[in-house]
Amino acid sequence: AVVSTQSTGPKLKVDLTKFLENHKFHFDYAFDESSTNDLVYKFTAQPILRTIFDGGIATCFAYGQTGSGKTHTMGGDFNGKEQNFSLGIYALAASDVFEVLKGPQYGSLDLKVSCSFFEIYGGKVFDLLARRAKRRVLEDGNNVVNVVDLKESPVLSVASVLGVIKEGSAVRTSGQTSANAHSSRSHAVFQMILRNPRGKLQGKFSFIDLAGNERGADTCSANRATRIEGAEINKSLLALKECIRAMSINATHIPFRASKLTQVLRDSFVGEKARTCMIATIAPGQNSVECSLNTLRYADRVKELGPGAKPAPPLGDDLAFLHQSLMSQGEEEEQEMFNFHQALDQLQQAEETLVEEHTQCIQENKEYLKQEEVILQRMEQGVDYDIEGTKLAEIHFSGLGT
């Protein structure tokens, strides 16, 4: 499908002649305003759903300007402030998962379905099914990234999946921006997980409702916290684009450590059985043309196939790699902003190290106190002196006294 757009109003050539600048983008499919979530789902997430039954990882992203309909598409239609979760891609995918499990091909595998729901806000992970408890992201010796203590809720039907979605959506971070009074200010990650009877992972489908991207001009009037929030969102979105592009060209290095979002979703970018699709949403308003163009450019570049891969940079320097990649593509990013992201990453790493050391110290103290408690109980339960002998000694001394 070819999407054609025009810039906002006529532009002027050098000789002051007016002209309209046209843009063309190529995508797999394009949907107009009359398209339903069911139609969008059938051409995006549904074709890759069976990947998770064959031992693969499937991922579906919703990307676009804040207020353009990402949460509407992924979660379901809104009626005022109430959201009908049964009409979103989450629920449609859940319905298909349970239907496939009933079929003869996979019914004999006795696969169990569970769901997790978390958000990434300010470079940190919060479990939406555990009252937004903060979770740590660690990488084990096998280079597998895990969200420590992330809650997985077992589900047996579409209705129970909807309950999980409603519970998580109720506590997701939102805020007011110049473009949307109720903007999602975090990346929400809803996962449907298949495990065999022994608990081993069979497959996983991740649905990511990305935070709304905004230009710097849209947040210039906001307070400092909102600007920092927007900078962190844009950094993670740029890192996501580079990871998908690197995966599409079979690059020797994928900069997934450049942001917490791409680090958590690392298994979506590696492996022969990883399948990814992106839904780009745009707003029809005249004031949103520039943002819509940025969204279309972003999605178009994600689809680009490069001629080859570059040598892998040193591990742990993914933020610098992302910065160099953006510069090579002609994208503007001030050195001050790059330094800010670098300092923020160092601060987050220091915080995680401190929390880990503090937790270890608490565990060691608990073990020590347990040992002391055991010794104290032994002392209380059995005395280490001869009571009868003591009584005889007392009688003897009293007799001497008389």
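Below or above, wherever it landed, is the structure these notes cover. Since the structure is predicted, the reported quantities are computational estimates derived from the model, not experimental observations.

A short note on the side chain of Ser292
Here is step 1 of the chain: Along the chain, Ser292 falls in helix α8 (residues 289-303).
Here is step 2 of the chain: Separated by 3.2 Å, the side chain of Ser292 and the backbone oxygen of Ala283 make a polar contact.
Here is step 3 of the chain: If we ignore the near neighbours within four places in the chain, the residues touching Ser292 are Ile282 and Ala283.

A word on unusual backbone geometry
Here is step 1 of the chain: Here the phi dihedral of Asp110 falls at roughly 55°; this positive angle occurs in a residue that is not glycine.
Here is step 2 of the chain: Mapping Asp110 onto the fold places it in the loop between α4 (104-107) and β8 (112-121).
Here is step 3 of the chain: In this structure, Asp149 is a non-glycine residue whose phi angle is positive, near 65°.
Here is step 4 of the chain: By the element assignment, Asp149 lies in the loop between β12 (145-147) and β13 (153-154).
Here is step 5 of the chain: Residue classification places Asp149 among the exposed positions, given a relative accessible area of 60%.

With respect to helix α3 (residues 89-102)
Here is step 1 of the chain: The terminal C-alpha atoms of α3, which comprises 14 residues, lie 20 Å apart, in line with the 20 Å expected from a rise of 1.5 Å per residue.
Here is step 2 of the chain: For α3, the full list of buried residues reads Ile89, Tyr90, Ala91, Leu92, Ala93, Ala94, Asp96, Val97, Phe98, Val100 and Leu101.

Brief notes about the pattern of salt bridges
Proximity of charged atoms lets side chains of opposite charge pair with each other.
Here is step 1 of the chain: Applying the stated rule across the entire model yields 10 salt bridges.
Here is step 2 of the chain: Between Arg135 and Asp127 there is a salt bridge, with its nearest N and O atoms 3.6 Å apart. Each member of the pair Arg135 and Asp127 is classed as buried.
Here is step 3 of the chain: Between Lys235 and Glu232 there is a salt bridge, with the nearest N and O atoms lying 3.7 Å from each other. Note that Lys235 and Glu232 are positioned in helix α6 (residues 224-248) at a spacing of 3 residues, about one turn of the helix. An identical accessibility class is assigned to Lys235 and Glu232; each is buried.

Comments concerning the side chain of Gln263
Here is step 1 of the chain: Within the fold, Gln263 resides in helix α7 (residues 260-264).
Here is step 2 of the chain: When near neighbours in sequence (up to four residues on either side) are disregarded, Gln263 contacts Val137, Val145 and Phe256.

Details of the nonpolar core
Here is step 1 of the chain: The biggest cluster of nonpolar side chains holds 40 residues, and the ones touching the most others in it are Phe53, Val97, Val161, Phe190, Met192, Phe205 and Phe207.
Here is step 2 of the chain: Every element with two or more residues in this core is listed here: α1 (37-43), β5 (57-64), α3, β8, α5 (158-169), β16 (187-195), β17 (201-209) and β18 (274-281).
Here is step 3 of the chain: Here this core takes 9 residues from α3, the largest share from any one element.
Here is step 4 of the chain: Setting aside chain neighbours within four positions, we find Phe207 in contact with Ala45, Cys60, Met74, Ile89, Tyr90, Ala93, Ala188, Val189, Phe190 and Met192.

Describing the pairing of β16
In the case of a regular strand, side chains alternate between the two sheet surfaces.
Here is step 1 of the chain: For β16, a buried count of 8 out of 9 residues is recorded, marking the element as mostly surrounded by other parts of the structure.
Here is step 2 of the chain: Sheet analysis places β8 next to β16, joined by 9 bridges and oriented antiparallel. Bridge pairing links Lys112 to Arg195 in β16.
Here is step 3 of the chain: For β16 and β17, the ladder comprises 8 bridges, and the chain directions are antiparallel. Its bridge partner being in β17, Met192 is matched across the sheet by Phe205.
Here is step 4 of the chain: The turn linking β16 back onto β17 is made up of 5 residues, and Gly199 within it adopts a positive phi angle of 90°.

Digging into the packing of α3 against α5
Here is step 1 of the chain: Contact geometry of α3 with α5 gives a least axis separation of 9 Å together with a crossing angle of 150°. Between α3 and α5, the angle falls in the class roughly antiparallel. For the pair α3 and α5, the crossing hand works out as right-handed. Contacts between α3 and α5 involve Tyr90, Ala91, Ala94, Ser95 and Phe98 on the former and, on the latter, Val158, Val161, Leu162 and Ile165.

How each quantity is defined
Residues numbered from 1 in each chain as written. Predicted model: local features only at pLDDT ≥ 70, side-chain atom pairs only at ≥ 80, totals over all residues. Heavy atoms only, no water. Helix = DSSP H or I, 4+ residues; strand = E, 2+ residues; numbered from the N terminus. Polar contact = N/O pair within 3.5 Å; in protein donor to acceptor, adjacent residues only side chain to side chain. Contact = heavy atoms within 4.5 Å. Buried < 20%, exposed > 50% of the residue type's maximum accessible area, 1.4 Å probe, protein only. Expected span 1.5 Å × (residues − 1). Salt bridge = Lys/Arg side-chain N within 4 Å of Asp/Glu carboxyl O. Core = buried A, V, L, I, M, F, W, Y, C linked by side-chain atoms within 4.5 Å. Pairing = 2+ DSSP bridges. Axes fitted to C-alpha atoms, helices over the stretch in contact; angles between N-to-C directions. Parallel < 35°, antiparallel > 145°, perpendicular 65-115°, else oblique. Left-handed = near helix turned anticlockwise from the far one by under 90°.

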